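Now for the letters of each chain:
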Amino acid sequence: MGDHKEQQPVRVGAAVRRRRRALELTLAAVAERSGLSVPFLSQVENDRARPSRTSLEKLADALRTTAVELLAAADPAASVDVVRAEPVAEGDFEPRTRSLVRGHHQLHASEFTGDHEAGREFQHRNDELMYVADGAVEIEAEGRAYRLGRGDTLYLTGGVRHRWRATVPDTRVVVVAVAEHIEAMQDRSR
């Protein structure tokens, strides 16, 4: 069994579309800059055509990036991706953050080990869930303090200002959030 993402072809279309839209370019403008046709670019963006290395480089140049960056931002063709745990040296108690999801997806997940800047306040656009895998934390949200221990979770709706700190050494917190690029936040003023 291996890590599927490295062995499967990637879908570069969504990465190309995101980059083009971020630059506020039309398909026609990218076609003119790259020398590629509009129908071909449309097929690439919709993952109905896979560009050759030469076409991908022309496309990357037109989008003011590199082929490597476009491939790094591409979505895996497979729906399974394994992210292996990182080895930690014995006696290493430095705070660490690691992403649990690779690529550009609808969910973002990170693992925080140890403490971090406790005074830092967060406010995310979309909903998130905090899960205490080990140790304990104090979380301040909406003017209230919450103490969470191993196995506890806290759900925060989008827009809630919060801060947290580990209260026990070697605390591990997993944060899963709806990605910032997703329009998931509803009008909560009603």
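Up top is the structure these notes are about.
Computed from a predicted structure; not experimentally measured.

Visitor: Honestly, the nonpolar core in this entry has me stumped. Any pointers?
Guide: A general feature of soluble globular proteins is that nonpolar side chains tend to end up buried together. If you look at the biggest cluster of nonpolar residues, it comprises 18 residues, and the most contacted ones within it are V12, V16, V30, L41 and L59. Where this core is concerned, the elements lending two or more residues are α3 (27-34), α4 (38-45), α5 (53-62) and α6 (67-72). The leading source of residues in this core is α5, at 4 residues. When sequence neighbours within four positions are dropped, the list of residues in contact with V16 reads V44, E45, L59, L63 and L70. Judged by nonpolar contacts, the second largest core, of 13 residues, contains F122, V137, A141 and W164.

Visitor: So what exactly am I meant to see when it comes to unusual backbone geometry here?
Guide: Backbone geometry places E142, a non-glycine residue, at a positive phi of 55°. Position of E142 relative to the elements: it lies in the loop between β7 (136-141) and β8 (144-149). Notably, D170 is not glycine yet its phi reads approximately 60°, a positive angle. You can see D170 is positioned in the loop between β10 (161-166) and β11 (172-178). For D170, a relative accessible area of 43% corresponds to the partly exposed category.

Visitor: When you look at the pattern of salt bridges in this model, what are you seeing that I'm missing?
Guide: Two side chains that carry opposite charge are able to pair once their charged atoms sit near each other. Taken as a whole and judged by the stated rule, the model has 9 salt bridges. Ionic pairing is found between R161 and E121, a salt bridge with its closest N-O pair at 3.3 Å. With R161 in strand β10 and E121 in the loop between β4 (107-113) and β5 (122-123), this residue pair connects regions lying 40 residues apart in the sequence. For E121, a relative accessible area of 39% gives the class partly exposed. One salt-bridge network, held together by shared partners, links E111, D134, R150 and R172.

Conventions we followed
Residues numbered from 1 in each chain as written. Predicted model: local features only at pLDDT ≥ 70, side-chain atom pairs only at ≥ 80, totals over all residues. Heavy atoms only, no water. Core = buried A, V, L, I, M, F, W, Y, C linked by side-chain atoms within 4.5 Å. Buried < 20%, exposed > 50% of the residue type's maximum accessible area, 1.4 Å probe, protein only. Helix = DSSP H or I, 4+ residues; strand = E, 2+ residues; numbered from the N terminus. Contact = heavy atoms within 4.5 Å. Salt bridge = Lys/Arg side-chain N within 4 Å of Asp/Glu carboxyl O.

This is a description of form; function is not addressed.
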